[in-house]
Each structure stands twice: as structure tokens, then as C-alpha cells.
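Structural overview for review
Below, each chain spelled out in residue letters.
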Amino acid sequence: MVSIADYYAGKNVLITGATGFMGKVLVEKLLRSCPEVQTLYLLVRAKAGQSMQERVSDMMKCKLFDRVREDNPDFHQKIVPISSELTQPALAISPEDVERLTSCVNIIFHCAATIRFDEPLKHALQLNVMATQQLLNLAQQMHHLQAFIHISTAYANCNRRHIDEIIYPPPVEPKKLIDSLEWMEDSIVRDITPRLIGDRPNTYTYTKALAECVVQKESSKLSIGIIRPSIVGASWQEPFPGWIDNFNGPSGVFIAAGKGILRTMRANNDAVADLIPVDMVINLTLAAGWYTAVHRPKAALVYNCTTGGINPFHWGEIEHHVMSSFKRNPLEQAFRRPNANITSNYLMNQYWILVSHKFPALIYDLYLRLSGQKPQMMRIFNRLHKAIGLLEYFSSQDWEWNSENMNMLMSHLSPEDRKTFNFDVRQLNWPEYIENYCIGTKKYVLNEDMSDIPAARQHLRKLRNIRYTFNTLLLVFIWRVFIARSQMARNIWYFVVSLCFKFLSYFRASSTLTN
Ligand SMILES: CCCCCCCC/C=C\CCCCCCCC(=O)SCCNC(=O)CCNC(=O)[C@H](O)C(C)(C)COP(=O)(O)OP(=O)(O)OC[C@H]1O[C@@H](n2cnc3c(N)ncnc32)[C@H](O)[C@@H]1OP(=O)(O)O
Ligand SMILES: NC(=O)C1=CN([C@@H]2O[C@H](COP(=O)(O)OP(=O)(O)OC[C@H]3O[C@@H](n4cnc5c(N)ncnc54)[C@H](OP(=O)(O)O)[C@@H]3O)[C@@H](O)[C@H]2O)C=CC1
């Protein structure tokens, strides 16, 4: 049977969300491991004052593409950006571009989405559901399309404990919801959102579930694969270990803990932390594209792309390894020494928020005010609390995913493809992965230099000394106040001092005798 790289040779591939975290890794891997691929058409929008061409050429300059650049300095010739705003009618693709795409595209990878948990429902619906429908409409006009691969999330059905590789009935008929929200004012939609999303935690998981149904509806007309990754983390091996470029999901939490800002978070020590490296997700995605096109399964195949059932690792273990990794490789200019603890106890967490977040923030802001600077720590903590408040739902419980299709797919790969497009999560060594992940956040998210580690360690020692001095002064102060006010405290103090004195005299006397 044709190998994965041979299948992609000469193919025209359409990718949405190519400027995002996963999209970039997909583009890189396709160019590197399938060098004979014909053209990658990327649907991109202009953003933040940059044209889509500028954005794509900036993306190609990124370190992620170093290995591709080495192999083929002209790789950019294979990339064709197509201007598209997915929330606009017909995806705002020009008629000429539609013509071009419909005549040549062989496979589509739909990665674009809003992954914000607090996205207003209307916007999440527009991008995650309506844009998906429009892309499916475009796909049906394509004359040579062989596969449509939709990236969903393992949490689309997080209102269930056990999740099979099937598409569950939608909470509401997507078309009906779209029609009824169309005429409503934003404020009304905001008010009814909690009722609509029901037992799902946010608009993201809700709209991703609806998107799956929209995709499934077209499965009689198109060959479809749906990938459901769990929490996508830094790369495991490719193109190099630890690559990550954003604060989403656990990355922001790791960084906040490494900077010594985050000291407490609600999470269940014993719950499975279903992280999966981005390179494994992309390898599976490309393999699923190949399988869908070559085997043309009758129904849409869903791939739960998770680690928990096969190679489980828990939040308690993550905490331990993240903390020890940041102690070995500290981040620059930490606010305090890294020491974050997770707890599932609400009251305990609130207590530590008060003592370890709000109190130090207050003192630091006071110091900033007194030295004529703008206070900022409380603001940072408020934002952090908002972010982790949205993540706690996922770190406080665990789910069981069936991953038969992932195993089936692996069994269809040749030994060579199994190496090149490796998604065998049994091979993950978690402590090593977490170490590289933390180093990755330092190098690629914060752009810190590894040569600064000795200075960062020195800074942590300074923070430790400040803490010791502060604690000692605090203790002495409290004690002084106590002694001044209470006769009992004075009596205890004199008793302890005289006891120490007696012990000292005894040891001195006994040491003179032995000499
Ligand atoms: C010691 C370790 C202990 C272990 C415990 C680990 C716990 C980890 C727990 C559980 C992870 C589970 C996750 C489940 C995943 C499901 C899977 C998926 O399918 S999709 C992917 C998930 N999607 C998201 O992660 C979007 C989350 N982000 C948002 O919804 C928004 O960004 C939000 C509400 C957090 C903030 O929104 P705004 O409008 O206030 O601000 P804005 O512009 O987005 O960001 C403001 C600043 O905060 C940083 N930031 C963003 N997210 C952060 C975060 N999670 N932590 C820290 N900083 C973050 C940003 O980079 C930005 O920084 P600047 O101002 O540019 O310097
Ligand atoms: N990250 C994770 O942990 C997980 C992600 N997923 C899924 O994987 C997919 C990719 O996620 P990830 O790469 O992390 O997300 P990112 O937020 O990094 O990327 C989102 C992409 O979608 C594009 N996009 C957003 N809005 C529009 C728009 N209106 N028009 C055109 N393009 C748009 C963005 O383009 P622009 O640069 O212009 O904003 C960007 O390229 C998503 O479908 C997500 O649901 C699933 C499980 C976990």
C-alpha cells in the first residue's frame, strides 16, 4: 500500500488555522516529511495591521521552520496564502480563489477555531460552527477532494464521563440555534448562554460539539475524519523537543508557577492529566488524512487522540515535575521562588489565594507605589485568577476516552510510517517530556536565553534570603507585640530563655569535664 509521504506527493492541501499553534506544526511536518507535496493553500486573514502575506512570511521565518529551511531553502514556494475571513459570508474568499481551490484541492485540514473559553456564544457559533458549514459547502464544490479532516476536541462531550469514538446527538439542532440567535441582541444571548450550554463548562466545548454534528451531516457526500485531541502541549520530539508558542491551557499555568506568581490552584492530584504533545496530534492527523483518502471509510471516523487510557499521568505528578524542572532551570526575574501546590479543597485554595497571592501582591504594589511606580501585581493576579478559574473544570476531574480508532490507524501504518508519523503515546516518558515542556516555555514563549540560567538561579537565592529575613523579622515583631501585651507570654518567654541558658551551662560544664 502507498506510504503516507507517497500519498501526499503531488497533492494540493487546503489548511485553515495555519497561523495557529497546531496549524503551524501541521504545515511544518507536511513540508518536512512529505517533501513532494505539491502546494499548501492556507486560508489566512489580515490581522493587527499586517497583511496576510506578511503574516505568512513571518510565520515561515519562525524557528519552528529551521529544519525545513535546511532541507529546502525554497520551501516557501509551496505555500500559497489565500485571503479569507472565516466569519464572513462564503468565508470572504474571492471568486478567482474559489475557482482555483475547487479545481485543484485534494485534501482539507480544518484547524481554525476560537479556543477561548469565554468567547461570546454568537461569535463562537459563527467561527466554530457556521464557518465549518461554509467550508463543507466549499468542499462539496471541489472536483478532486479525497478527504476532509476536521479538528475537534476530546472535551466536546465533556458532559459525559466515558467518551466513545462516535458523534453524540447535539444538545440542540445547530441550524435552529443559529436561526434563533440571529435576531437576538448580544445582551439577551449573554443572558441565556448558561441555560443553552447546560452541563458544559463553556461556549467553546458547546460549539465544538455542534460543529461535529454539522460535519457528520455531510459524511454521505464527503470522506471525513474527525480528530479529537485532549490538552495539546509542547512538542515531544519534532521538529525539536519542547516547542510551544502560546499561553493556552497548561502552558500559562506552568509559566505563572515558574515565575513564582501562581502558588495555589484547584486541581485533583489523582485525576489524569490528559496532555498530548502537539507533534503526536499532527502525526495522527496526517495519518488520518492518508487513511481517509486511501480507504474512504463509509462513515466519518472519529479519532479520540488522548493519552490517559494508555499512558496515564496525574496532575499531582505534573505539579511535582513542573516545580522541580523550574528549580533546575529557573525563569528570569521570578516574582517569588517557584512553589505551587494544587489542592481539590475549595476552602484551602481560598486561604492560600489570600495568603500567597493577594497578600504578597498588596505588599509589592505598596512598594511600587512608595517608589513612585505604577502598582500592577493585583491586576496580574486578577487576570490569573480569571484564567485558572476557567481551567479548573478540566483539572478537577477525569474522563475515559475510548481510543480504538487510534490503535486501528496505527496498525495500518507501515513500520517506516510508524516511525515518521509516530503517535504511539506509550513511548512518552512523562518526566522527560515535562522537563522539555518547561524549558520550551522559557525559550520559545518567553524568549529567554538558556545562558542566563546562572543569573536566574542567583536571583532565586536572593529571593530565598529575602524570605528568610522577612519571616524572621515578622516573627520577632509578632513576638515583641505579644510580649508587650500578655503576662503569660512574658512568663513563657522567660521560661524558654532560662531553659536554654541552663542547657547551655550544662553542655559547657560537661564538655570541660570530658576535656
Ligand atoms: C504547577 C502546575 C500545576 C498543574 C495544574 C495545571 C492546570 C492546567 C489545567 C488545565 C488545562 C486544561 C485545559 C483544557 C483544554 C481543553 C482543550 C482544548 O480543546 S482548547 C485549548 C484550550 N483553550 C485555552 O486554553 C484558552 C484559554 N484562554 C482563554 O479563554 C482566554 O485567553 C482567557 C479567558 C484565559 C484570558 O482572556 P483575556 O481576554 O482576559 O486576555 P487575553 O488577551 O486572552 O490574555 C491576557 C494575557 O494573559 C495571558 N494568558 C492567556 N491565557 C493564559 C493562561 N491560561 N495562563 C496565564 N496567562 C494567560 C495572555 O498571553 C495575555 O498576556 P499579554 O497581555 O499578551 O502579556
Ligand atoms: N490547543 C489545544 O489544546 C487544543 C486545540 N484543539 C483544536 O485544535 C484546533 C487548533 O487549535 P490551536 O492551534 O490551539 O488554536 P489557535 O488559537 O492557536 O489557532 C486558531 C487558528 O484559527 C484561526 N482563526 C481564528 N479566527 C479566524 C477567522 N475569523 N478567520 C480566519 N482564521 C481564523 C487563527 O488565525 P489568526 O492567526 O488569524 O487568529 C489561527 O490560525 C482548534 O480547532 C481547536 O479547537 C483541540 C484540542 C486541544
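Residues numbered from 1 in each chain as written. Chains lettered and ligands numbered in written order. Predicted model: local features only at pLDDT ≥ 70, side-chain atom pairs only at ≥ 80, totals over all residues. Heavy atoms only, no water.

**Focus: the site of ligand 1**
Taken together, 28 residues surround ligand 1, and among them Arg 116, Phe 117, Tyr 204, Phe 247 and Gly 249 come closest. Within the backbone of Ile 115, a nitrogen or oxygen atom sits 3.1 Å from a nitrogen atom of ligand 1. Within the side chain of Lys 386, an N or O atom sits 3.3 Å from an oxygen atom of ligand 1. Notes on ligand 1: free accessible area 1300 Å², of which the protein chains cover 77%. The greatest single-element share of the shell around ligand 1, amounting to seven residues, is contributed by helix H14 (residues 377-395). (Near = heavy atom within 4 Å. Polar contact = N/O pair within 3.5 Å; in protein donor to acceptor, adjacent residues only side chain to side chain. Areas by Shrake-Rupley, 256 points an atom, 1.4 Å probe, with all protein chains shown as cover. Helix = DSSP H or I, 4+ residues; strand = E, 2+ residues; numbered from the N terminus.)

**Describing the packing of aromatic side chains**
For the structure on display, the rule yields 25 aromatic pairs. Taking the centre distance of 6.4 Å and the plane angle of 35° together, the rings of Phe 394 and Trp 399 count as tilted. One exposure class covers both Phe 394 and Trp 399, and it is buried. Aromatic pair Trp 430 and Tyr 433: ring centres 5.9 Å apart, planes at 75°, arrangement edge-to-face. One end of the pair, Trp 430, and the other, Tyr 433, are both in helix H17 (residues 430-445), three residues apart, so they sit about a helical turn from each other. (Phe/Tyr/Trp six-rings, centres within 6.5 Å; stacked < 30°, edge-to-face > 60°. Buried < 20%, exposed > 50% of the residue type's maximum accessible area, 1.4 Å probe, protein only.)

**A closer look at the sheet that holds strand S3 (residues 79-83)**
Where strands meet in a sheet, backbone hydrogen bonds hold them as pairs that are either parallel or antiparallel. Ordered by their spatial adjacency, seven strands build an open sheet running S3-S2-S1-S4-S5-S7-S11, and the pairing between neighbours is parallel. Looking at which strands have only one partner, the edges of the open sheet turn out to be S3 and strand S11 (301-305). Across the sheet, the mean angle from the axis of one strand to that of its neighbour is 20°, orientation sign disregarded. Pairing analysis gives five bridges linking strand S2 (residues 39-44) to S3, with the strands arranged parallel. Following the sheet pairing, Leu 42 is matched in S3 by Pro 81. The sheet contacts of helix H9 (residues 203-217) involve strand S5 (147-151) and strand S7 (224-229), and relative to S7 the element is tilted by about 165°. (Pairing = 2+ DSSP bridges. Axes fitted to C-alpha atoms, helices over the stretch in contact; angles between N-to-C directions. Contact = heavy atoms within 4.5 Å.)

**Topic: the nonpolar core**
Among the nonpolar cores identified, the biggest contains 108 residues, and Tyr 8, Val 27 and Leu 42 are the most heavily contacted of them. Considering every element that reaches this core, the biggest residue donor is helix H11 (residues 278-295), with 11 residues. Dropping the residues within four chain positions of it, Leu 42 is found in contact with Ile 15, Ala 18, Val 27, Val 56, Met 59, Ile 79, Val 80, Pro 81 and Ile 82. In this structure, Ile 82, Leu 101, Met 184 and Ala 300 belong to the second largest nonpolar core, which totals 43 residues. (Core = buried A, V, L, I, M, F, W, Y, C linked by side-chain atoms within 4.5 Å.)

**A short note on the UniProt feature "domain: Thioester reductase (TE)" (unreviewed entry) in the protein**
Annotation from UniProt places "domain: Thioester reductase (TE)" (unreviewed entry) at residues 15-284. In residues 15-284, helix accounts for 41% and strand for 14%; the two terminal C-alpha atoms are 16 Å from one another. (UniProt positions renumbered as here; feature names shortened; annotations may be inferred.)

**Some remarks on the environment of Ser 411**
Locating Ser 411 in the fold gives a position in helix H15 (residues 404-412). Residues Ser 411 and Leu 145 lie 266 residues apart in sequence; the distance between their C-alpha atoms is 25 Å.

**Concerning the site of ligand 2**
In the neighbourhood of ligand 2, 26 residues make up the surrounding shell, with Thr 19, Lys 47, Arg 55, Glu 85 and Tyr 204 lying closest. Contacts to ligand 2 include Lys 47, whose side-chain N or O atom sits 2.7 Å from an oxygen atom. Contacts to ligand 2 include Leu 86, whose backbone N or O atom sits 3.1 Å from a nitrogen atom. Considered on its own, ligand 2 offers 890 Å² of accessible surface; in the complex 89% of this is hidden by protein. Those elements that place two or more of their residues in the shell around ligand 2 are helix H2 (21-33) and H9.

**What to know about the confidence of the model for the protein**
For the protein, mean pLDDT is 95; residues scoring 70 or higher make up 99% of the total. Both confidence scores are given for the complex: pTM 0.92, ipTM 0.90. (pLDDT = per-residue confidence, 0-100.)

**Overview of the domain arrangement of the protein**
What the domain assignment lists for the protein is domain 1 (4-241 + 272-311 + 399-423) and domain 2 (455-514). Placing a centre on the C-alpha atoms of domain 1 and another on those of domain 2 gives a separation of 62 Å. (Domains from an automatic or database assignment.)

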